[in-house]
Amino acid sequence: MTTSPSTLETHAENPLIPAKKRIGDRVFSSLSTGSGIIILVILALVAGFLLMQAFPALTSTPAQLTAQGYGPFFSWVAPYAFGTVWSSFLALLFAVPVGVGIALFISHYASRKLAQPIGYVIDLLAAVPSVVYGLWGANTFAPEINRAWIWLNHNLHWFPLFGGQASGTGRTMLTTALVLAVMVLPIITSLCREVFLQTPKLHEEAALALGATRWEMIKMSVFPFARAGIVSAVMLALGRALGETMAVAMILSGTNTINFQVLTSNNPNTIAATIALNFPEAYGLRTNQLIAGGLVLFVITLAVNMVARWIVNRRKEFSGAN
């Protein structure tokens, strides 16, 4: 913070008198505080809206819901919540190693002439609309990759994930997970790349000077420094995958079931895709039930962010200057 000479002299004479802030500092501080409060207010309003609209479905008896053909709420939403978490987990299983590897290649292995074009191409993936991913996944990727899924099912059917009757269209949970992995890849790569580049050069040079190879230097210096950033990138990508709607709705052949098999046509659907597919025709208690499903998705996303914040806070004492 920059202060005038007279302010510094007064503060030096009596340290108990706080230094006076400039007008620009006060305005910026007020805007920052106000923005944070607005975000909390909006979040509270969204939560309040979901609670009010979901209240009829949450308080209705199973008999009332069953009489209208909807079924008890918690037994209805459980398979969709499972499908949401399961598809996102599979997507991260593919996206995290690839994203971290690309970020590491760009930041520490590739030359500048090669690193910049690769970084631009990866960043461009984030600009592709989800409906385009859905069209590509359903019409091009799924029919082509289905040959590999049939081979996996034929040769590895003894493995629980690859068991069951293979789908004939390729619109399976594994296909959806791969498309979601491509969609969240730019988030993981961009954030990890920036975190890797912030690693103190002194730490890297010290490791190399002690005789470490480049990979050993990365393990000793880069990964410990970037651990919190990697976790943040992964959790942000997880939030993106949890809330994805159109791509999942267009690719996945989903039903209201809980199933770990990833190559069959009997797949659990996600909450977001179910709401998108059913909301236009919903009315009455059905609308409240779908909004209650959105409330469950809101709680899942909030829990994921709270876990991410807890993990990051465990590493907040670490600094590159230590």
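Cut-off values and rules
Residues numbered from 1 in each chain as written. Predicted model: local features only at pLDDT ≥ 70, side-chain atom pairs only at ≥ 80, totals over all residues. Heavy atoms only, no water. Helix = DSSP H or I, 4+ residues; strand = E, 2+ residues; numbered from the N terminus. Contact = heavy atoms within 4.5 Å. Areas by Shrake-Rupley, 256 points an atom, 1.4 Å probe, with all protein chains shown as cover. Core = buried A, V, L, I, M, F, W, Y, C linked by side-chain atoms within 4.5 Å. Buried < 20%, exposed > 50% of the residue type's maximum accessible area, 1.4 Å probe, protein only. Patch = residues over 30% accessible without salt bridge, like charges linked within 9 Å, V, L, I, M, F, W, Y side chains within 5 Å. Salt bridge = Lys/Arg side-chain N within 4 Å of Asp/Glu carboxyl O. Expected span 1.5 Å × (residues − 1). Bend = angle between axes of the 7 residues up to and from the residue. Axes fitted to C-alpha atoms, helices over the stretch in contact; angles between N-to-C directions. Parallel < 35°, antiparallel > 145°, perpendicular 65-115°, else oblique. Left-handed = near helix turned anticlockwise from the far one by under 90°. pLDDT = per-residue confidence, 0-100. Phe/Tyr/Trp six-rings, centres within 6.5 Å; stacked < 30°, edge-to-face > 60°. Nonpolar A, V, L, I, M, F, W, Y, C, P; charged D, E, K, R; others polar.

Caption draft 1: How the structure looks around the overall build of the protein chain. Counting its secondary structure elements, the protein chain contains 12 helices and two strands. N-terminal to C-terminal, the α/β element order of the protein chain is α-α-α-α-α-α-α-α-α-α-β-β-α-α. Contacts in the protein chain between residues far apart in sequence, at least 24 positions, make up 76% of those at least 6 positions apart. Summed over all atoms, the accessible surface of the protein chain reaches about 17900 Å², with 68% contributed by carbon and sulfur.

Caption draft 2: A look at the nonpolar core. Ranked by size, the top nonpolar core spans 37 residues in total, and within it Ile 188, Cys 192, Phe 196 and Ile 230 carry the most contacts. Those elements that place two or more of their residues in this core are helix H4 (73-109), helix H7 (173-197), helix H9 (214-242), helix H11 (271-278) and helix H12 (285-314). In contact with Cys 192, other than residues within four places in its own chain, are Val 100, Ala 103, Ile 230 and Ala 233. Within the second largest apolar cluster, 26 residues are counted, among which are Leu 90, Ala 138, Phe 162 and Ala 177.

Caption draft 3: Local environment of a nonpolar patch on the surface. Nonpolar side chains collect at one region of the surface, where Phe 105, Tyr 109, Leu 114 and Trp 215 lie side by side and expose about 380 Å² of accessible area between them. Residue position: Trp 215 is located in helix H9. Under the relative-accessibility criterion, Trp 215 is labelled partly exposed at 42%.

Caption draft 4: Up close: helix H2 (residues 23-59). Given a rise of 1.5 Å per residue, 37 residues ought to cover 54 Å, and the 53 Å separating the end C-alpha atoms of H2 matches this to within 8%. In H2, a bend of some 40° at Gln 53 exceeds every other bend along the element, and Pro 56, a proline, comes one to four places later. Residues of H2 that are buried include every one of Ala 47, Leu 50, Ala 54 and Ala 57, and no others.

Caption draft 5: Fine view of the packing of helix H6 (residues 130-155) against H7. At a minimum axis distance of 9 Å, the contact between H6 and H7 shows a crossing angle of 130°. Put simply, H6 runs oblique to H7. Note that H6 runs across H7; the crossing there is right-handed. Listed contacts from H7 to Ser 130, Tyr 133, Trp 136, Gly 137, Phe 141, Ala 142, Ile 145 and Trp 149 of H6 are Leu 174, Thr 175, Leu 178, Val 179, Val 182 and Met 183.

Caption draft 6: Local environment of the confidence of the model for the protein chain. Per-residue pLDDT for the protein chain has a mean of 82; in total, 87% of the residues score no lower than 70. Helix H1 (residues 5-13) is the least confidently modelled element of the protein chain, averaging 49 in pLDDT, while H7 averages 91, the highest of any element. Predicted confidence for residues 6-12 stays below pLDDT 50, and this span has six contacts to residues more than four positions away or in other chains.

Caption draft 7: Geometry of the pattern of salt bridges. Throughout the structure, instances matching the rule amount to four salt bridges. Taking the shortest distance from any N to any O, the salt bridge between Arg 193 and Asp 123 comes out at 3.4 Å. In this pair, Arg 193 is assigned in helix H7 and Asp 123 in helix H5 (residues 112-124), connecting sequence segments 70 residues apart. Among the residues examined, Arg 193 registers a relative accessible area of 12% and is labelled buried. Among the residues examined, Asp 123 registers a relative accessible area of 29% and is labelled partly exposed. Residue Lys 201 pairs with Glu 204 through a salt bridge whose shortest N-O separation is 3.8 Å. Residue Lys 201 and its partner Glu 204 are located together in helix H8 (residues 201-209), separated by three residues, close to a single helical turn. Residue classification places Lys 201 among the partly exposed positions, given a relative accessible area of 49%. Members of the salt-bridge network, linked through shared partners, are Asp 123, Arg 193 and Glu 194.

Caption draft 8: Here's a closer look at the packing of aromatic side chains. Under the definition given, this model contains nine aromatic pairs. Where Phe 196 meets Phe 223, the ring centres are 6.1 Å apart and the plane angle is 55°; that geometry is what we call tilted. Placement of the pair is Phe 196 in helix H7 and Phe 223 in helix H9, with a sequence separation of 27 residues. Phe 196 gets classed as buried once you look at its relative accessible area, which sits at 1%. A relative accessible area of 22% places Phe 223 in the partly exposed class. When the ring of Trp 215 is compared with that of Phe 223, the centres are 5.9 Å apart and the planes differ by 85°; the resulting orientation is edge-to-face. One aromatic cluster is present, built from ring pairs that chain together Phe 82, Trp 86, Phe 89 and Phe 260.

Caption draft 9: Inspection of the packing of H9 against H12 at higher detail. Look at H9 against H12: their axes get within 9 Å of each other, and the N-to-C directions meet at 175°. With respect to H12, the axis of H9 lies roughly antiparallel. In this structure, H9 contributes Ala 228, Val 231, Ser 232, Met 235, Leu 238 and Leu 242 to the contact, and H12 contributes Leu 297, Ile 300, Thr 301, Val 304, Val 307, Ala 308, Ile 311 and Val 312. Here the contact of H9 with H12 is composed, by residue class, of 12 nonpolar, two polar and no charged.

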